[in-house]
Amino acid sequence: MKESVLRPVFITALGAFFPNAPVENDKMEAVLGMAGGLPSRARRLVLARNGIKRRFYAIDPQTRVLTHSNADMAALAVRLALARADVPLGHVNCLACGTSSPDQLKPGHAHMVQGALAAPPMEVSSIAGVCTAGATALKYAYMTVAGGGANVAVSTGSELASSFMRAENFDAEPDIGTLERQPVLAFEQDFLRWMLSDGAGAAVLRAVPAAQGPSLRVDWIDCLSYAGELPVCMYSGAHRDADGRLRGWREVSPAEASRDRYFTVKQDTRLLDRHIVEAAVTRPLAAIASRRGLAARDVDWFLPHYSSEYFRPLLSKALEAIGFPIPFEKWFSNMSQRGNVGSAMMYVMLEELLYAGVLQKGQRLLCLVPESARFATCYVHLTVV
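Below, the structure is looked at part by part. (Residues numbered from 1 in each chain as written. Predicted model: local features only at pLDDT ≥ 70, side-chain atom pairs only at ≥ 80, totals over all residues. Heavy atoms only, no water.)

To continue, consider the overall build of the chain. Summing up its helical and strand segments, the chain has 13 helices and 15 strands in all. For 385 residues, the compact-globule formula gives about 21 Å, and the C-alpha radius of gyration of the chain, at 21 Å, lands near that figure. Its C-alpha atoms give the chain principal-axis dimensions of roughly 70 × 50 × 40 Å. When burial is assessed residue by residue, the chain has 54% of its 385 residues classed as buried. Expressed as a percentage of contacts within the chain between residues at least 6 apart in sequence, the contacts between residues at least 24 apart total 80%. When the accessible surface of the chain is totalled, it reaches about 16700 Å², and 53% of it is carbon and sulfur. Positive and negative side-chain charges in the chain, numbering 40 and 37 respectively, have mean positions lying 3 Å apart. (Helix = DSSP H or I, 4+ residues; strand = E, 2+ residues; numbered from the N terminus. Rg over C-alpha atoms; globule rule 2.2 N^0.38 Å. Buried < 20%, exposed > 50% of the residue type's maximum accessible area, 1.4 Å probe, protein only. Contact = heavy atoms within 4.5 Å. Areas by Shrake-Rupley, 256 points an atom, 1.4 Å probe, with all protein chains shown as cover. Lys, Arg positive; Asp, Glu negative; His and termini not counted. Charge placed at Lys NZ, Arg CZ, Asp CG, Glu CD.)

Structure below.
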């Protein structure tokens, strides 16, 4: 039997889409609404820590009606990427789409994106999860092209988080006395309302680089999950009982699910603080760097997807602790101006960097994509060609 040889794979174009006008920090509640009809007292604390200055919502600020579906946004990012790549939609053989907020339980998200594109028959794959879903979609597309299953593949990450963030999904904050005694309560309840937003990113992958302009050769993508060892930290469509058991929405009536806010996105910030750095850097990168023969000096651009500026110095210390120090001048993030768009964030960072005119041939990029849902991490290594 003839041994198969993997082909080189290149990201030849990227696209990003953000709905409506950007929303500044002081306008967020005007769009999302006020929980319990009162302004949030936790908002300023969360925003001061996360460093986000503006973000985008697929919500009409006047009517508070959704303006785009998740599939719509992903399709618009795909169209931009294909236009930049000068590739007709009919030439795409594979579409892989990752998200944590699909528009429906069925059909799969990728099928809905294909429908929004009015694309011809092709292989499609829907990747569920949280932030790593976008990176895993990229890996699916990469492996399909590398193995000869497609000549042109497209991957996406997209989020419609605002539908979870609207005030109707949240209870009023505790009274001021409770907040003063236990400020973490408000932080945990309101934390993600001021963190997550909407948008989409897409990548075009081919077996040959672009004829003009820089391309990014995909060298490897390594993903690790620690769900077998660590508990659930972030979740929706479920409720955590007093004994720590996660009870899914299927186990209760629709009325109970609504009453107990099953579909609000929740996060245990204590677990996040305890495990995220170890699961994002300490354990995975040490092992990956050893296996891949990668040293910190080899990295020209580091693109970490962290949910808050609060984690920036913690990640830096963790890198130093494992002998992989990356100076801040090599870091790139546009979260402060684009918002935290979950599974789309890696695409959004790469898209801005690729078209900024700063990349040089031969430079190496290392992307870090962690998620706290049940703690998983992806590392993506790219070379500018």
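Attention now moves to the sheet that holds strand 4 (residues 94–98). Here we have nine strands laid out as an open sheet, ordered 5-4-6-7-1-8-15-14-13, and mixed in their pairing. In this open sheet, the two edge strands, each paired with only one partner strand, are strand 5 (123–127) and strand 13 (301–304). Across the sheet, the axes of successive neighbouring strands diverge by a mean angle of 20°, strand direction being ignored. With five bridges joining them, strand 4 and strand 5 adopt parallel strand pairing. Directly across from Gly98, in strand 5, lies its bridge partner Ile127. Packing of helix 3 (residues 70–85) onto the sheet brings it into contact with strand 1 (10–17), strand 6 (152–160) and strand 7 (198–206), and relative to strand 1 it is tilted by some 135°. (Pairing = 2+ DSSP bridges. Axes fitted to C-alpha atoms, helices over the stretch in contact; angles between N-to-C directions.)

This brings us to helix 13 (residues 345–354). Since the α-helix advances by 3.6 residues per turn, residues separated by three or four positions end up pointing in the same direction. The buried fraction of helix 13 amounts to nine of the 10 residues, a majority that puts the element mostly inside the structure. Where helix 13 is concerned, the buried positions are Met345, Met346, Tyr347, Val348, Met349, Leu350, Glu351, Leu353 and Leu354.

Attention now moves to the nonpolar core. Counting 99 residues, the largest nonpolar core has Leu205, Leu216, Phe324 and Leu365 as the members making the most contacts within it. Among the elements that line this core, the one with the most residues is helix 10 (residues 269–292), at 10 residues. Setting aside anything within four residues of it in sequence, one finds Leu216 in contact with Val9, Phe10, Ile11, Leu14, Leu350, Leu354, Leu359, Leu365, Leu382, Thr383 and Val384. One finds Ala77, Ala110, Val113 and Ala119 within the second-largest nonpolar core, a separate group that totals 28 residues. (Core = buried A, V, L, I, M, F, W, Y, C linked by side-chain atoms within 4.5 Å.)

This part takes up the packing of aromatic side chains. If you walk through the whole model with that rule in mind, you get five aromatic pairs. Note on Phe18 and Phe56: the rings are 4.9 Å apart at their centroids and 35° apart in plane angle, and the pair reads as tilted. A residue pair is termed long-range when its members are at least 10 positions apart, and Phe18 in the loop between strand 1 and strand 2 (23–24) and Phe56 in the loop between strand 3 (54–55) and helix 3 qualify at 38 residues. One exposure class covers both Phe18 and Phe56, and it is buried. One aromatic cluster is present, formed by Phe302, Phe328 and Trp331 through successive ring pairs. Directly above the ring of Tyr310 sits Arg49, whose terminal nitrogen or CZ lies 5.6 Å from the centroid. Over the ring of Tyr355 we find Arg84, and its NZ or CZ is 4.2 Å from the ring centre. (Phe/Tyr/Trp six-rings, centres within 6.5 Å; stacked < 30°, edge-to-face > 60°. Lys NZ or Arg CZ within 6 Å of the ring centre and 35° of its normal.)

Evaluation of the coordinates by the stated rule reveals one disulfide. Free cysteine Cys94: the closest other cysteine sulfur is in Cys97, separated by 9.1 Å. Among the residues examined, Cys94 registers a relative accessible area of 0% and is labelled buried. The thiol of Cys131 is unpaired, and the distance to the nearest cysteine sulfur, on Cys378, comes to 10 Å. On the basis of relative accessibility, which here comes to 13%, the residue Cys131 falls in the buried class. (Disulfide = S-S within 2.5 Å.)

A few words on the side chain of Ser316. Within the element layout of this structure, Ser316 appears in helix 11 (residues 312–321). The class of Ser316 is buried, set by a relative accessible area of 11%. Contacts of Ser316, omitting those with residues within four sequence positions, involve Phe328 and Trp331.

It is worth spelling out the pattern of salt bridges at this point. Scanning the entire structure with this criterion turns up 14 salt bridges. Note that Glu29 and Arg43 form a salt bridge whose closest N and O atoms lie 3.7 Å from each other. Here the residue Glu29 occupies a position in helix 1 (residues 28–32), and Arg43 occupies one in helix 2 (residues 43–50), the gap between them amounting to 14 residues. Each member of the pair, Glu29 together with Arg43, is buried. (Salt bridge = Lys/Arg side-chain N within 4 Å of Asp/Glu carboxyl O.)

With that settled, the discussion passes to the packing of helix 10 against helix 11. Orientation of helix 10 relative to helix 11, taken along the N-to-C sense of each, is 20°, at an axis distance of 10 Å. Put simply, helix 10 runs roughly parallel to helix 11. Of the two elements, helix 10 crosses helix 11, and the hand of that crossing is right-handed. Touching Val277, Val281, Thr282 and Leu285 of helix 10 are Leu314, Leu315, Ala318 and Leu319, all from helix 11. (Parallel < 35°, antiparallel > 145°, perpendicular 65-115°, else oblique. Left-handed = near helix turned anticlockwise from the far one by under 90°.)

Our next topic: the pairing of strand 4. In terms of residue burial, strand 4 counts as a mostly covered element, since five of its five residues are buried. Here strand 4 shows two buried faces, one formed by Cys94, Ala96 and Gly98 and the other by Leu95 and Cys97. Pairing of strand 4 with strand 6, which is carried by five bridges, proceeds in the parallel orientation. Bridge pairing links Ala96 to Ser155 in strand 6.

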